[in-house]
Structure formats: structure tokens, C-alpha cells
Amino acid sequence: LLPNEGSTWISSRNNTEPCPEKPSSLVGPVTVKFVKSVKLEEVQAENPNVQLGGHYSPPCVAKDHVALIVPFRHREEHLRQLLHYLHPFLQKQQIDYTIYIVNQFGEKTFNRAKLMNVGYVEALKDFPYDCFIFSDVDLVPMDDRNLYHCYSQPRHFAVAMDKFGFRLPYSGYFGGVSGLSKVQFLKINGFPNNYWGWGGEDDDIYNRCVLLYLNFLFSFVHGTFIIHVRNPLIFCRITLNGMKVSRPDSNIGRYRMIQHHRDAKNEANPKRFTQISKTRWTMMTDGLNSLKYQLVKKDVYPLYTNITVDIETP
Ligand code: UDH
């Protein structure tokens, strides 16, 4: 795997063997404890095969090239913990990956989904990734059989979190950690940009995946029932869209969350319920095709690539 520019990543593959579906190095449950604070130098020393920018290529040909995208602001200790657990976890799984931290610039209201859209766009400037995994900074997987690659349907990984008693809180829950192939992500026009503050965006994303997109209007003119199709190409989507969410078994999709209080400038979004009820009509105009942001800086660190971005205000 080589980046488009500045070719700094080294492929360890003279090997053309495909990676096994279930690597023999997997052990199942892994111990996750947040007892002491972690130093990045230690994580770096423990992961000598991780390359600049937080990239790793396994010694075999992996199924996907994964960009792992983390929406972020002011959670440095959580980030150190995540990197400490995630790098060994992903290497054991023989995933070909790069970790992107998308850091919201300024102190205005937080917007998790928009940051993840930015992560998708900016990662693709580095390499033609075909799989995007979106992870909260405070969620650590507890079983290495929860494989971080893409599936034939959008994947929800964090099905059994400790904060919900290791159960799915509701059947349409899609929060915490999820993954979509590039094809799946494009099909839903990415994520919404208009959820400012806490909550709702994960349900909107779930809706985008499972709903059929309706881009036509009904009207009743002079006793005649008319269907106005806005775009015949999009009309085809009505029959093609509509995916299922796939999930690991709840014994495998277990996560520990780093306990924290609600962050400043991430208060519950009061508009979220109205917004979720309209996904069907908003998803094709709010998403990747309406994304606007200013890149403040992009830096490669030994364990991750940092993207600081001004996503403006609501
Ligand atoms: N995030 C940040 N910085 C912020 C806000 C959110 O980095 O200021 C990111 C981070 O990746 C986080 C994710 O967005 O994991 C989701 O935000 P969250 O952790 O606030 O959401 P969650 O639903 O927690 O996990 C809700 C608040 C829990 C308060 C519990 C009080 N007992």
C-alpha cells in the first residue's frame, strides 16, 4: 500500500498470498482496562510495524484497504487509550489500515457526522481506500474476532457496549462503531451534515442505509393523480437502494466505553427527532454532495493522521 503523494508507506508484501478469513493469531476476548494513563511513546514502541500516519500493511494481501475515522475534539486521554488497544487489535486481524483523527477546529457546537464525512473525503486524497470504519474515540473492542473490515452490507460493530449492559439498546441502533464500503457510503450520499450537538445522526445514518429513497412527488391535479419524477436516474435508486445492516454476534461485538461526562458544546440536539423523521426526503440533498468545510491542517504523526477542520457553524 502506497499513498498517492509522498510515497512514504512501505508495503511489506513481496507476498501475494491473500490474508486468511480468520487469522490464526486471534484469541477471542481481550482484557480492556482503563486503569493508568497511556504515553504515546510507549504505544509507538509497542507497535514497531505501524508506519507514519498510523498505517499498517499485513504480510499478506488484505481483503480491504481500511480508513479508520475517528471524530474528535478535546479527548486526548481517550485517544491515547484507543491507540494503545486498537493498533495491536487491528494488526492481529491482519487489516490493511490507516487511522485518521478528524479534529473539529474551534469551540462551536460539535458535529460528529459531518466530521466523519470530512474524514472520508480527506482519506481518499491519500489513498483509494475501499472501506471506511467510523469509531468513537472512547470505544474499545473487547473481542478480536470482531473483524474491522467491510461486509456485503453496512456493518454495525458496537452491538454490545458495557454502558448499555452489553445489549443493543434498540433494534435500529447504529452508533459507536460502524463501517461502510465506499460503494455503500456513496449509495447513501455519505452522512448528514446538519446534526449539530449530541444525538440523532446515528439514527439518520441507519435510516439512510435501510430506507428506500423516494425522489418523486405525488400531486392531484384536476382529478388526475400525477407522479413527478425529478430525475429518472435517481428513480432507479428507488428499486436499488435499501440495504440491511449486518452485525456480529453479541458475544463478539462487545465494547468497553471510557467513562466521561457530556462534553461542552455537545448538548443534546433538540431538533433531532424531527430531523430523523425526514431522512427519506433529506438524504439526497444533505450529505457528501453538500459537504463544505475548510481544512485547517493535516499532519502525519507516528500513530495516526490528524485532520483539523473548520466545519463552520449551524
Ligand atoms: N466527541 C469528541 N469531543 C466532543 C464530543 C464528542 O471527541 O466534545 C466524539 C468522540 O469520538 C465521542 C463521540 O464524538 O466518542 C460521541 O460523543 P459522546 O461520547 O459524547 O457520545 P455518547 O453518546 O455519550 O457516547 C453521551 C454522553 C454521556 C454522558 C453520560 C453521563 N453519565
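Residues numbered from 1 in each chain as written. Predicted model: local features only at pLDDT ≥ 70, side-chain atom pairs only at ≥ 80, totals over all residues. Heavy atoms only, no water.

A. View of the pattern of salt bridges. Per the counting criterion, the structure on display carries 15 salt bridges. Note that lysine 63 and aspartate 64 form a salt bridge whose closest N and O atoms lie 3.6 Å from each other. The class of aspartate 64 is buried, set by a relative accessible area of 9%. Note that aspartate 138 is salt-bridged to arginine 75, the shortest N-O span being 3.2 Å. Taken together, the residues aspartate 138 in the loop between β4 (131-135) and β5 (139-141) and arginine 75 in the loop between β2 (65-72) and α2 (76-92) connect sequence positions 63 residues apart. Judged by relative accessible area, aspartate 138 falls into the buried class, the value being 6%. Given the relative accessible area of 14%, arginine 75 is considered buried. One connected set of salt bridges, linked through shared partners, spans Glu122, Lys125, Asp126 and Lys298. (Salt bridge = Lys/Arg side-chain N within 4 Å of Asp/Glu carboxyl O. Buried < 20%, exposed > 50% of the residue type's maximum accessible area, 1.4 Å probe, protein only. Helix = DSSP H or I, 4+ residues; strand = E, 2+ residues; numbered from the N terminus.)

B. Seen up close, helix α5 (residues 201-210). Extensive coverage of α5 is indicated by the burial of eight of its ten residues. When we look at burial in α5, the residues that qualify are Glu201, Asp202, Asp203, Asp204, Ile205, Asn207, Arg208 and Cys209.

C. Representation of the layout of surface pockets in the model. Estimates place the volume of the largest pocket at around 810 Å³. Lining the largest pocket are 36 residues; nearest its centre among them are Arg112, Asp136, Trp198, Glu201 and Asn266. Put simply, the parts of the chain that give the lining of the largest pocket at least two residues each are β2, α5 and α7 (272-276). The residue inventory of the lining of the largest pocket, partitioned by class, reads 15 nonpolar, nine polar and twelve charged. (1 Å grid on protein atoms, 1.4 Å probe; cavity = no way out; pocket = protein on both sides within 12 Å on 5 of 7 lines; lining within 4 Å. Points joined across faces, edges and corners; volume = space filled by probe spheres on them. Nonpolar A, V, L, I, M, F, W, Y, C, P; charged D, E, K, R; others polar.)

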